[in-house]
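The chain contents come next:
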Amino acid sequence: RLTSLETRSEELLKKNKFMEKKLLEKQIIINNIDCKGFDSCEAVITNTLKQKLNINLECTDIESCYKVGNGGRDNKSTIIVNLMRLSKKTEILSASRAARSSNRNINNPIYVNDSLTEDVRRIFGESRMLLRKKKRLRRHGFGGVKSTSD
């Protein structure tokens, strides 16, 4: 009976992870976005993405969106956006990466990121910590073995 409950519990955890991944599939997070002068999240998003990333996003492309936090002293907010289509998410993320790498967005940059599940977010956090440790070790002369091949 106990193994049956354990099996059922594992099945439910798998289903839960699958559903969480599906829920976040079309979701993006936009950080450092200025909400001053707008009366709705949709208006902020469509205007900002057009201005900063040259993306034509219509309100009908947005399933839902909401602001997280109060914007702080500089009035820059984080907005969670659920899009209608995965293709729009891909387009926005690609344009954001291109803008970041070309430094087109130097004045008041926005940061567009994929929504991650808790497990993936934890793994990325741990990998960033390991990378920082590795860089620190290299800086102090402990960075791997140098080859002496001719």
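First, a word on what this report is: a plain description of the structure on this page.

A few words on the side chain of Lys88. Within the fold, Lys88 resides in helix α3 (residues 86-102). In contact with Lys88, not counting residues within four places along its chain, are Asn56, Leu57, Asp61 and Leu83.

Moving on, we get to the environment of Ser64. Mapped onto the elements of the fold, Ser64 is located in strand β2 (residues 62-68). Looking at Ser64, the relative accessible area reads 28%, which means it is partly exposed. For the pair Ser64 and Cys41, spaced 23 residues apart in sequence, the C-alpha separation works out to 8.9 Å. In contact with Ser64, other than residues within four places in its own chain, are Ile80, Val81 and Asn82.

With that settled, consider the sheet that holds β2. Spatial ordering of the open sheet is given by β2-β3-β1-β4, a layout of 4 strands whose pairing is antiparallel. One side of each edge strand has no neighbouring strand; the edge strands of this open sheet are β2 and β4 (111-114). Looking at each pair of strands side by side, their axes are set apart by 20° on average, direction ignored. Those strands touched by helix α2 (residues 41-53) are β1 (27-34), β2, β3 (76-83) and β4, and its axis lies near 95° from that of β2. Running over the sheet, α3 touches β1, β3 and β4 and is turned about 135° from β4.

Attention now moves to a positive patch on the surface. On the surface, Arg128, Arg132, Lys133, Lys134, Lys135, Arg136, Arg138 and Arg139 cluster together into a positively charged patch. Tracing the backbone through its elements, the reader meets Arg138 in helix α4 (residues 118-139).

Okay, the nonpolar core next. Counting residues in each nonpolar core, the largest one holds 22 residues, and the members touching the most others are Ile30, Ile45, Leu49, Ile79 and Val81. Counting only elements with at least two residues in this core, the list comes to β1, α2, β2, β3 and α3. Counting residues per element, this core draws most heavily on α2, which supplies 5 residues.

Reading guide: rules and limits
Residues numbered from 1 in each chain as written. Predicted model: local features only at pLDDT ≥ 70, side-chain atom pairs only at ≥ 80, totals over all residues. Heavy atoms only, no water. Helix = DSSP H or I, 4+ residues; strand = E, 2+ residues; numbered from the N terminus. Contact = heavy atoms within 4.5 Å. Buried < 20%, exposed > 50% of the residue type's maximum accessible area, 1.4 Å probe, protein only. Pairing = 2+ DSSP bridges. Axes fitted to C-alpha atoms, helices over the stretch in contact; angles between N-to-C directions. Patch = residues over 30% accessible without salt bridge, like charges linked within 9 Å, V, L, I, M, F, W, Y side chains within 5 Å. Areas by Shrake-Rupley, 256 points an atom, 1.4 Å probe, with all protein chains shown as cover. Salt bridge = Lys/Arg side-chain N within 4 Å of Asp/Glu carboxyl O. Lys, Arg positive; Asp, Glu negative; His and termini not counted. Charge placed at Lys NZ, Arg CZ, Asp CG, Glu CD. Core = buried A, V, L, I, M, F, W, Y, C linked by side-chain atoms within 4.5 Å.

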